[in-house]
Amino acid sequence: MSGLLRGIARTAVVAGTATSVSNRVSRRQAGRWAQQDNQQPAQQYAAPAAPPPSAASQPIADDMSTRIDQLKELGTLKEQGLLTEAEFAEQKGRLLAP
């Protein structure tokens with residue numbers, strides 16, 4: 001019986017640690033995204049940015065493959081439980097926005 005209790009206790013400790021780490025990662029990511037959101041308006045008013053490169057100099061296929069790779073990374077993070085459904089949808093919207 002003590003072996004069973006020891007196994008249950010060990011499982012509880014591992015699960016608690018995993019939950020704690022997952023929550024910490026989620027809070028850190030939320031903080032980073034909030035910080036990025038706060039910096040974006042300041043960057044818009046700071047100084048005019050250089051004009052974007054022309055469409056001819058930036059191949060569309062490369063841009064799309066980059067977006068696809070980023071979407072795959074987001075999907076992996078969501079599957080690992082590091083992103084909530086709402087966070088995933090928000091980031092996906094940012095990637096797919098024109």
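Residues numbered from 1 in each chain as written. Predicted model: local features only at pLDDT ≥ 70, side-chain atom pairs only at ≥ 80, totals over all residues. Heavy atoms only, no water.

Visitor: Run through the overall build of the protein chain, naming residues and quoting values.
Guide: The helix and strand tally for the protein chain stands at 3 helices and 0 strands. Listing each helix as α and each strand as β along the protein chain from the N terminus yields α-α-α. Across the 98 residues in the protein chain, those meeting the buried criterion constitute 10%. Approximately 7900 Å² of the protein chain is accessible, and the part contributed by carbon and sulfur atoms is 60%. (Helix = DSSP H or I, 4+ residues; strand = E, 2+ residues; numbered from the N terminus. Buried < 20%, exposed > 50% of the residue type's maximum accessible area, 1.4 Å probe, protein only. Areas by Shrake-Rupley, 256 points an atom, 1.4 Å probe, with all protein chains shown as cover.)

Visitor: Before we move on, could you go through the packing of aromatic side chains and cite the residues and values that matter?
Guide: Within this structure, the stated rule accounts for 0 aromatic pairs. Sitting above the plane of the Phe-88 ring, Lys-78 keeps its charged end 4.9 Å from the centroid. (Phe/Tyr/Trp six-rings, centres within 6.5 Å; stacked < 30°, edge-to-face > 60°. Lys NZ or Arg CZ within 6 Å of the ring centre and 35° of its normal.)

Visitor: With reference to specific residues and values, describe helix H3 (residues 85–96).
Guide: Over its 12 residues, H3 extends 16 Å from the first C-alpha to the last, a length consistent with the 16 Å expected when each residue adds 1.5 Å. Looking only at H3, the buried set comprises Glu-87, Phe-88, Gln-91 and Leu-95. Axial view of H3: buried residues confined to an arc of 100°, hence all on one face. Opposite the buried face of H3, by more than 90 degrees, sit the exposed residues Glu-85 and Ala-86. (Expected span 1.5 Å × (residues − 1). Arc of directions from axis to C-beta.)

Visitor: I'd like a description of the layout of surface pockets, backed by residues and values.
Guide: Each pocket or cavity is described by its volume, and for the largest pocket that value is around 240 Å³. Considering the residues around the largest pocket, the lining is formed by Gln-29, Arg-32, Trp-33, Gln-36, Gln-70, Glu-73, Leu-74, Leu-77, Gln-91, Arg-94 and Leu-95. Within the residue set of the lining of the largest pocket, elements represented by two or more residues are helix H1 (2–46), helix H2 (60–79) and H3. A breakdown of the residues in the lining of the largest pocket according to their chemical character gives 4 nonpolar, 4 polar and 3 charged. (1 Å grid on protein atoms, 1.4 Å probe; cavity = no way out; pocket = protein on both sides within 12 Å on 5 of 7 lines; lining within 4 Å. Points joined across faces, edges and corners; volume = space filled by probe spheres on them. Nonpolar A, V, L, I, M, F, W, Y, C, P; charged D, E, K, R; others polar.)

Visitor: Outline the nonpolar core, supporting the account with residue identities and numerical values.
Guide: Counting residues in hydrophobic clusters, the biggest one holds 5 residues: Trp-33, Leu-74, Leu-83, Phe-88 and Leu-95. Setting aside residues up to four positions removed in sequence, Leu-83 forms contacts with Gln-29, Trp-33, Leu-74, Leu-77 and Lys-78. (Core = buried A, V, L, I, M, F, W, Y, C linked by side-chain atoms within 4.5 Å. Contact = heavy atoms within 4.5 Å.)

Visitor: Report on the environment of Thr-66, specifying residues and quantitative values.
Guide: With respect to the helices, strands and loops of the structure, Thr-66 is situated in helix H2. Considered as a pair, Thr-66 and Leu-95 are 29 residues apart in the sequence and their alpha carbons are 9.8 Å apart.

Read these as geometric descriptors, not functional statements.
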